[in-house]
Each structure stands twice: as structure tokens, then as C-alpha cells.
Amino acid sequence: MNDSTTTASEQAMALVGRHYRLTDHYEVGREKIREFARALQDGHPAHRYEDAAAELGFDGLVAPATFSSIVLLLVQRKMFESVLTGYDLGQVLQTEQSIQVHRPIVAGDQLRCDSYIESFRQFGDKDFMVTKNVLTNQHKEVLQTAYSTAVAQTGVDLAPDLRATVEGVIMTGQSAADRSAAAATRTIDEDAGLVECFDEPAQPDSSDAPRTPRSIPAFEELSVGMALAPRTTLLTRGDLVNYAGVSGDSNPIHFSDLVASSAGLPNVVSHGLLTMGLGAGYLTSWLGDPAAVAKYAVRFAGFAPVPAAKASAIEFSGRVKELDPEHRAATIALSATSEGRKLFGRATATVLLR
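Residues numbered from 1 in each chain as written. Predicted model: local features only at pLDDT ≥ 70, side-chain atom pairs only at ≥ 80, totals over all residues. Heavy atoms only, no water.

### Topic: the overall build of the protein
Applicable threshold: Note on conventions: DSSP H or I runs of at least 4 residues are helices, E runs of at least 2 residues are strands, and numbering of each starts at the N terminus. Note on exposure labels: buried denotes an accessible area under 20% of the residue type's maximum, exposed denotes more than 50%, and partly exposed covers the range between, all computed with a 1.4 Å probe on protein chains only. For this analysis, residues touch if any pair of their heavy atoms sits within 4.5 Å. Only the protein chains shown count as cover for residues, and the accessible areas themselves come from Shrake-Rupley with a 1.4 Å probe.
Helices and strands together make up the secondary structure of the protein, namely nine helices and 13 strands. Buried positions account for 50% of the 354 residues belonging to the protein. Within the protein, counting contacts between residues at least 6 apart in sequence, those at least 24 apart form 76% of the total. Carbon together with sulfur atoms contributes 52% to the accessible area of the protein, which is approximately 16,000 Å² in total.

### With respect to helix H7 (residues 237-247)
All of the buried residues along H7 are Arg237, Leu240, Tyr243, Ala244, Val246 and Ser247. Those residues of H7 hidden inside the fold are in contact with helix H2 (30-39), helix H4 (69-82), helix H8 (257-262) and helix H9 (272-287). Backbone geometry just downstream of H7 places Gly248 in the positive-phi region, at approximately 90 degrees.

### Description of the pattern of salt bridges
Note the cut-off: Each reported salt bridge corresponds to a side-chain nitrogen of Lys or Arg within 4 Å of a carboxyl oxygen of Asp or Glu.
Taken as a whole and assessed by the stated rule, the structure comprises 16 salt bridges. A salt bridge links Glu31 to Arg34, with the nearest nitrogen and oxygen atoms 2.7 Å apart. You can see Glu31 and its partner Arg34 sitting in helix H2, three residues apart, about one turn around the helix. Taking relative accessible area as the criterion, Glu31 reaches 41% and is therefore assigned partly exposed. By relative accessible area, Arg34 is classed as partly exposed at 22%. The shortest N-O distance in the salt bridge between Arg34 and Glu50 comes to 3.9 Å. Pair noted here: Arg34 is in helix H2 and Glu50 is in helix H3 (residues 50-55), with a separation of 16 residues, a long-range link. One continuous salt-bridge network, built from bridges that share partners, spans Arg30, Glu31, Arg34 and Glu50.

### Here's the deal with the packing of H2 against H7
Quick reminder of the rule: Angles here are taken between N-to-C directions and fall from 0 to 180 degrees, while the axes themselves are lines fitted to C-alpha atoms, restricted in helices to the stretch in contact. Relative orientations are named as follows: roughly parallel for angles under 35 degrees, roughly antiparallel for angles over 145 degrees, roughly perpendicular for angles from 65 to 115 degrees, and oblique for any other angle. Here a crossing is taken to be left-handed if its near helix is turned anticlockwise relative to the far helix by less than a right angle, and right-handed if that turn runs clockwise. Nonpolar residues are Ala, Val, Leu, Ile, Met, Phe, Trp, Tyr, Cys and Pro. Charged residues are Asp, Glu, Lys and Arg, and all others, Gly as well, are polar.
Look at H2 against H7: their axes get within 9 Å of each other, and the N-to-C directions meet at 150 degrees. In terms of orientation, H2 and H7 fall into the roughly antiparallel class. Like other packed secondary-structure pairs, H2 and H7 cross with a definite hand, here left-handed. Between H2 and H7, the contacting residues are Lys32, Glu35, Phe36, Arg38 and Ala39 on the first element and Asn242, Tyr243, Gly245 and Val246 on the second. Classifying every residue of the contact of H2 with H7 gives four nonpolar, two polar and three charged.

### Looking at the packing of aromatic side chains
Condition: Each Phe, Tyr or Trp ring, with Trp reduced to its six-membered ring, pairs with another whose centre is within 6.5 Å; inter-plane angles below 30 degrees give stacked pairs, above 60 give edge-to-face pairs, and intermediate values give tilted ones.
Tallying each qualifying case throughout the model produces six aromatic pairs. Where Phe80 meets Tyr87, the ring centres are 5.9 Å apart and the plane angle is 80 degrees; that geometry is what we call edge-to-face. Taking the relative accessible area as the measure of exposure, Tyr87 reaches 5% and is therefore buried. Ring geometry for Tyr282 and Phe316: centres 6.0 Å apart, planes at 25 degrees, overall stacked.

### Some details on unusual backbone geometry
The backbone of Gln41 shows a phi angle near 55 degrees, a positive value even though the residue is not glycine. One can find Gln41 in the loop between H2 and H3. Notably, Arg328 is not glycine yet its phi reads approximately 50 degrees, a positive angle. Examined against the element boundaries, Arg328 turns out to sit in the loop between strand E10 (312-324) and strand E11 (329-338).

### A short note on the pairing of strand E5 (residues 126-136)
Note the following rule: Strands are treated as partners if at least two bridges between them are detected by DSSP.
The buried fraction of E5 is high, at eight of eleven residues. Where strand E4 (residues 110-123) and E5 come together, eleven bridges link them in antiparallel fashion. By the bridge assignment, Tyr116 is partnered in E5 with Lys132. Hairpin connection of E4 to E5: two residues between the antiparallel strands, including Gly124 at a positive phi of 65 degrees. Both E5 and strand E6 (residues 142-153) contribute to a ladder of eleven bridges, which runs antiparallel. Its bridge partner lying in E6, Asn133 is registered against Ala146. Counted along the chain from E5 to the antiparallel partner E6, the turn is five residues long, and its residue Lys140 has a positive phi close to 65 degrees.

### Quick word on the nonpolar core
The condition is simple: Nonpolar core, defined: a set of buried Ala, Val, Leu, Ile, Met, Phe, Trp, Tyr and Cys residues in which side-chain atoms within 4.5 Å join the residues together.
Among the nonpolar cores identified, the biggest contains 76 residues, and Phe67, Leu283, Tyr296, Ile332, Phe344 and Val351 are the most heavily contacted of them. Among the elements that line this core, the one with the most residues is H9, at nine residues. Apart from the residues lying within four places of it in its own chain, the contact partners of Phe67 are Tyr26, Val28, Lys32, Ile33, Phe36 and Ile105. If you look at the next biggest cluster of nonpolar residues, it comprises seven residues, including Leu56, Val62, Val106 and Ala291.

### Notes on the side chain of Asp249
Tracing the chain through its elements places Asp249 in the loop between H7 and H8. Apart from residues lying up to four places away in sequence, Asp249 is in contact with Leu73, Ala244, His254 and His271.

### Remarks on H2
Worth spelling out the cut-off: The directions considered for the arc run from the helix axis to the C-beta atoms.
Where H2 is concerned, the buried positions are Ile33, Phe36, Ala37 and Ala39. Buried residues of H2 fall within an arc of 160 degrees about the axis and therefore sit on the same side.

What follows is the structure in C-alpha cells.
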């Protein structure tokens, strides 16, 4: 490994066991919820209309289950800007994401995020880092607990001309050179957007009465092995650009053919978190209640290539894997494919039913 690779890996290893927090909150606006739902092609009325959200028992618009990815990506970006400056953001990918929903995110929430570096390991020329992220609101209520696994390729140096291309297309301020320069010139008192903390993590309030789901299917209507009706979703380059802007994911493999090919990809590909969000929308359209998803986890197995002038089709399907009569809950196994490629290695959701 070269010196920059060693430095990056050492930076990551030194963070295991440490706890960081965003220095400012993220305020959830109703227009942002609408924008995010549109980017996911999720037409549930509770994401758009207050009266529909009120019918489900909420004071404001309900955010899609993966809305938290906006804040998680913000934390990750701040991490790479301040304490993981040795990595090239263009070589960092999400490989696994899971969320446990304690309370739905609604318009007006002021989100705080605490990030705990759980583990780090190397496998060949790849570095894997797992973080636990706890989202709370202004009332100190725990909304979600999310686990993210990111992988960075570290053993390959980009050719000078290709590096120049990456530096030229990545979002201004996000290149490795820009981040290193910013870190080198930042004063000790300057806010980097992230601060190390040493207090105990917040815990969900177990005394809360569980919400009664408003699902379309009732628990008694399900059986193990039952299949959900499949659905096909189309993605264009415009959809990728829109999601990149709404979510804050500026990785150039989602818009630059040259960078995508340099990463060994057949074409520009969809965001993993976009396909995860589309899968959540597929699930909640069946449920009829976007707040009925209690857990959702995806291990990414492949990418959906999106040609420059043609829509790419993603086929979603699901089946009931397990039933829990005590909690009136079901575990749903989800599948997503594109041109015969599996996009999810494993995807499951725990849903609550009326």
C-alpha cells in the first residue's frame, strides 16, 4: 500500500469505539419530505398532504422510512471532511444499511445524529467501516437507530489523468484535495460540523404505548410464503440527478460514465440508497401505512446500470417470511433485480399490521 492508503486506514482504525455528533440539527421541512418522496416515486398521500397524515395520527407530513439517509450521508460527509481526509470520496460505497424505526420522522422534527464507530476491517485492498447512528429530535426522543457499512477501495492509485477527471466532476469542495486543504487550514476553534462526544447514547422510550397500525392488509390475512404483487419501477439519468441533489449523495459514479468505468462498473449506476428507498416505497404502497415499517435492512449485491438515453427497469417483489402473532408483525423478504442482476443480497423488513 502507498503512504496515503496507509494514512487513511490508520485514521479509520483509530476511530473505532469513538462517538461523534453533528454540531447543528437538521430541520425537517414539509417541502423536503415532498421532494424526497417524489425522488423515490413514492406517491403515498401522507408524504404530501397534512390531512392524509392527520388521518394516520400525525401532526405533520410523514417522511418516507429512508428519509434519514439524508442525515446519515451528511454525517458521513462531515466524517470524511474532518477526520477521514485520507480517503477519496469517489471510491467510497455503501454496502449495507439497516434502520430500526422507533418513531416516524415528521415535518418540524429537528434531527440530531450521534455516530458511533463500531468496527473497522481490511479485506484485500478494501477498507470496511461500520457505524451506528442514533437519530433524535428536539424532544430528545429516539426516532431511528441505523447501522451503515461503507467500503473504500484503497489499494489502487488513480492514473493522473483520471484523477484529474474525478476532481473535475465531483461536487466542488468534495474532492480529496479540497478536503485535505480545508482540514489543513481549519483552526482548532473552527466548527467542522462534527464534534467528539463522551456521553452515554440515548435510548428509545419503552414506556410509550405502541401505535396502532393503519395497514390495508390485516395480520389474519397473511400466511407464510404469501407473495406480494410485483412492481416494476423505471429509472432514468434524470432520476439519478434528482436523487443526488435531494439526498446529498454526490458520488460521481452516479452521473459520470468515465468515473463509473474507472470503478469497474458497466455504466453509470443508481444509488444503492435510492434502490433501498424504492424498495421501501414498494413495501409501504402494499401496507398503505408508511409508519408501519418497524425495521428495514438491505445488503447491496449489485448495481442497476442506467444508460444515458434509456430508462432502466427495476423489478421488486416480496414474500411473507415469518409471522409474529404476539406483536401482529410480519417479516417480509424483498427482492430487486435489474436486467437479471440481483440488487439486494439480502433485504428484509419487519412490518406491523392492524
